[in-house]
Amino acid sequence: MPRVSQQYRDARRREILEAAGRCFAENGFHSTSMQDFFEASGLTAGLVYRYFRSKDELIATLAADALEQLHSAVEEAIGADEPPSVEAVLTRLLRTIDDLDARERLPRVAVQVWSEALRNPTVGPTASAEIGRLVAALERLVRAEQAAGRLDGRLDPAGAARALFSFLPGFIVQRALDPALDRADFERAALALVAGRLHATSS
């Protein structure tokens, strides 16, 4: 029997997560049983349980994977030969969320994950740890930009990182409530705020 490649396993895992995101976004975590998920997705129980042992593990992995993609975007920026600006990184993060919304309905799932994280010992620590990693990466980005003279050195890096991070859940919550919210419009306004260009200049 031929061996299954890691690429195949990764693709099947991704297929399951994307199907779960769509299913949970439509019906909610607590209203969706694993049997409901199998029927809605067309995936077999055997296939799903080969990768995930429970609904809680599936939920925790959805959250961790989304946050990992955001974290990777920041880490790649920090490690680049010519690191992009804070504004460019924020743009990349918002567009990543937009892509995840298209594939997995991320905003509707994320709002449920945050609620679940407050009560579920399987989900809570995973979500908190991944958010902490993302904020820590943003703090390193802020410090690097300060060292290069491109950001105000008087800013507290930890506070600045938290402020930058706040744009992400802000966009996610609003997109969950209003799927028609345009990412490009939000992005332009967010970048104007970061750059201090919200006030009109006198002529």
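The rules behind each value
- Residues numbered from 1 in each chain as written.
- Predicted model: local features only at pLDDT ≥ 70, side-chain atom pairs only at ≥ 80, totals over all residues.
- Heavy atoms only, no water.
- pLDDT = per-residue confidence, 0-100.
- Helix = DSSP H or I, 4+ residues; strand = E, 2+ residues; numbered from the N terminus.
- Axes fitted to C-alpha atoms, helices over the stretch in contact; angles between N-to-C directions.
- Parallel < 35°, antiparallel > 145°, perpendicular 65-115°, else oblique.
- Contact = heavy atoms within 4.5 Å.
- Nonpolar A, V, L, I, M, F, W, Y, C, P; charged D, E, K, R; others polar.
- Core = buried A, V, L, I, M, F, W, Y, C linked by side-chain atoms within 4.5 Å.
- Buried < 20%, exposed > 50% of the residue type's maximum accessible area, 1.4 Å probe, protein only.
- Phe/Tyr/Trp six-rings, centres within 6.5 Å; stacked < 30°, edge-to-face > 60°.

Novice: Outline the confidence of the model for the protein, listing residues and values.
Specialist: With 97% of its residues at a pLDDT of 70 or more, the protein has an overall mean of 88. Within the protein, the lowest mean pLDDT, 85, falls on helix α2 (residues 34-41), and the highest, 96, falls on helix α8 (residues 157-177).

Novice: An account of the packing of helix α1 (residues 6-27) against helix α4 (residues 55-79) is needed here, citing residue identities and associated values.
Specialist: To describe two helices that pack against each other, one gives the angle between their axes and the distance between the axes. Put simply, α1 and α4 touch, their axes get as near as 10 Å, and they point 105 degrees apart. The orientation of α1 relative to α4 falls into the category roughly perpendicular. Contacts from Arg13, Arg14, Ile16, Leu17, Ala20, Gly21 and Phe24 of α1 reach α4 at Lys55, Leu58, Ile59, Thr61, Leu62, Asp65 and Gln69. Classifying every residue of the contact of α1 with α4 by side-chain character gives seven nonpolar, three polar and four charged.

Novice: I'd like a rundown of the nonpolar core, residues and numbers included.
Specialist: Judged by nonpolar contacts, the single largest core of 34 residues is most densely connected at Leu93 and Leu168. Elements that contribute at least two residues to this core include exactly α4, α5 (86-104), α6 (106-117), α7 (124-147), α8 and α9 (183-194). Looking at which element gives the most residues to this core, the answer is α8, with eight residues. The residues contacting Leu93, other than those within four sequence positions of it, are Leu70, Ala73, Val74, Leu138 and Leu168. In terms of nonpolar packing, the next biggest core, distinct from the first, is built from 23 residues, Leu17, Cys23, Phe37 and Leu43 among them.

Novice: So, the packing of aromatic side chains: which residues are in play, and what are the values?
Specialist: Summed over all chains, the structure comprises five aromatic pairs. With 6.3 Å between their ring centres and 25 degrees between their planes, Phe24 and Phe37 make a pair best called stacked. Of this pair, Phe24 sits in helix α1 while Phe37 sits in helix α2, and the two are 13 residues apart along the sequence. Taking relative accessible area as the criterion, Phe24 reaches 0% and is therefore assigned buried. Residues Phe171 and Phe186 carry aromatic rings whose centres are separated by 5.0 Å and whose planes lie at 40 degrees to one another, so their mutual orientation is tilted. With Phe171 in helix α8 and Phe186 in helix α9, the pair connects residues that are 15 residues apart, well separated along the chain. The exposure classification of Phe171 matches that of Phe186, with both residues buried. By way of ring pairs, the aromatic residues Phe24, Phe29, Phe37, Phe38 and Tyr49 are connected into one cluster.

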